[in-house]
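Chain residues, written in single-letter form:
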Amino acid sequence: MNMSKVKVAINGYGTIGKRVADAVSLQDDMEIIGISKTRPNFEAKTAAMKGYNIYAPADKIDAFTKDGYTIAGSIEDMIKEADIVVDCTPGKVGVSNKALYEKEGVKAIWQGGESKDIAPISFNSEANYADALGADFVRVVSCNTTGLCRVIYPLDQKYGVEKVRVTIVRRGGDPGDIKSGPIDALVLDPIKLPSHHGPDVKTIMPHINITSAAIKAPTSFMHLHVLNIQLKEECTADDVKNLFAARPRIQMIADGISATAQIIEFGRDLGRPRNDMWENCVFKESVSVDDGELYFFQAIHQESDVIPENVDAIRAMMSLEKDNLKSIEKTNKSMGIGL
Ligand SMILES: NC(=O)C1=CN([C@@H]2O[C@H](COP(=O)(O)OP(=O)(O)OC[C@H]3O[C@@H](n4cnc5c(N)ncnc54)[C@H](O)[C@@H]3O)[C@@H](O)[C@H]2O)C=CC1
Ligand SMILES: O=C(OP(=O)(O)O)[C@H](O)COP(=O)(O)O
């Protein structure tokens, strides 16, 4: 049996890329062969400190070497070395890299900022892992869509989902993002309904009847979902709490927490890297069933919830593991998810 590790390249080392790099580095069946940076900034500095091989656009290599960096080669060189590339460039930028990946015959994963048409398969570890087995191109859906799939899938399996209505309060920007807003407004995002989240859930579970709306708010910690779900079979709030508590990537939030800021503080107290909360954070006390309809709030840590899904997507595409639950367990154990 070939025991060599799958060679993973990270193209775009920002919020998502640096986290995927660290998560892949924790796995025993895959390794990071390089990351790409476009500028010699603080993220390049920490990448070098962690020992990652840094690649750069060919016309930017001089700027790095002048700043004292050792550059392993161009982005094209990195792609040639890899078995699979995780494209973590900003939304709508990743599509311009597709021709390069095709030319080099390398498998690729894109993120949720890209259109669904970029890859034939949109991915969620629990809901459709098997669809990605051996696939060349996959899109890991956005942070909010991932969070929705993680609750809708088990509810649909157990009780059948008649209709999902979700309102998403989106964080305005990530904590390190100095360009995004709003600073003092609630922005209809988008004004024309539905938001992309409902249709994106259907790229993974086409039969789900779902409508979504989203509002951007002046906060950077997390997104917040207000969910209202009609189920086909009757159940109680306790049934749903027990169902969620048993899932591998849902954390039931209690202990007096009633705000996203407190969840992040909880993450800090737990000693999570970068205070990441990879699991859906379902507010336990909010789970209610009224007149046959299920209601609850959940918070989604946008910077981190898609990271384990990227690791599982690599495992599926490289045919390292056929059973999604085994991959999820392996990824969770290595990262400390669920602890
Ligand atoms: N930040 C978030 O909350 C989440 C983002 N996503 C998605 O992940 C993707 C990446 O988003 P972020 O990490 O937030 O973006 P980011 O802006 O934090 O990082 C992107 C990185 O790619 C680099 N880059 C830009 N153009 C490049 C190019 N042509 N080649 C190589 N590198 C290039 C940038 O310099 C930056 O370091 C997007 O599709 C986004 O929609 C998904 C889930 C959550
Ligand atoms: O995937 C995300 O959100 P989304 O699920 O609302 O598209 C990330 O938070 C990125 O969103 P952004 O497009 O506001 O940077």
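Quick caveat: nothing in here was measured; it's all calculated off a predicted structure. (Residues numbered from 1 in each chain as written. Chains lettered and ligands numbered in written order. Predicted model: local features only at pLDDT ≥ 70, side-chain atom pairs only at ≥ 80, totals over all residues. Heavy atoms only, no water.)

Some thoughts on helix α12 (residues 324-335)
So, point 1. Its 12 residues give α12 an end-to-end C-alpha distance of 16 Å, which sits within 8% of 16 Å, the value for a rise of 1.5 Å per residue.
So, point 2. Every buried residue of α12 is listed here: N324, S327, I328, T331, N332 and M335. Along the long axis of α12, the arc covered by the buried residues comes to 130 degrees, so they all point the same way. Summarising the geometry of α12, the exposed residues directed more than 90 degrees from the buried face are E329 and K333.
So, point 3. Where α12 starts, the residue carrying a side-chain oxygen 2.9 Å from the main-chain nitrogen of L325 turns out to be D323.
So, point 4. Two residues or fewer after α12 comes G336, characterised by a positive phi angle close to 85 degrees. (Helix = DSSP H or I, 4+ residues; strand = E, 2+ residues; numbered from the N terminus. Expected span 1.5 Å × (residues − 1). Buried < 20%, exposed > 50% of the residue type's maximum accessible area, 1.4 Å probe, protein only. Arc of directions from axis to C-beta. Polar contact = N/O pair within 3.5 Å; in protein donor to acceptor, adjacent residues only side chain to side chain.)

Considerations on helix α1 (residues 15-25)
So, point 1. When you tally the buried positions in α1, you get nine out of 11 residues, the bulk of the element.
So, point 2. Taken residue by residue, α1 has I16, G17, K18, R19, V20, A21, D22, A23 and V24 as its buried positions.
So, point 3. On the buried face of α1, the contacting elements are β1 (6-11), β2 (30-36), α2 (42-50), β5 (84-87), α11 (307-317) and α12. (Contact = heavy atoms within 4.5 Å.)

Details of the packing of aromatic side chains
So, point 1. The final tally for this structure, using the stated rule, is six aromatic pairs.
So, point 2. Considering the side-chain rings of F64 and Y69, the 5.7 Å spacing of their centres and the 80 degrees angle between planes classify their relative orientation as edge-to-face.
So, point 3. An angle of 55 degrees between the planes, with centres 6.1 Å apart, marks the rings of F123 and Y129 as tilted. Like F123, the residue Y129 is buried in the burial classification.
So, point 4. Each member of the aromatic cluster is reached from another via a ring pair, and the members are Y101, W110 and F137. (Phe/Tyr/Trp six-rings, centres within 6.5 Å; stacked < 30°, edge-to-face > 60°.)

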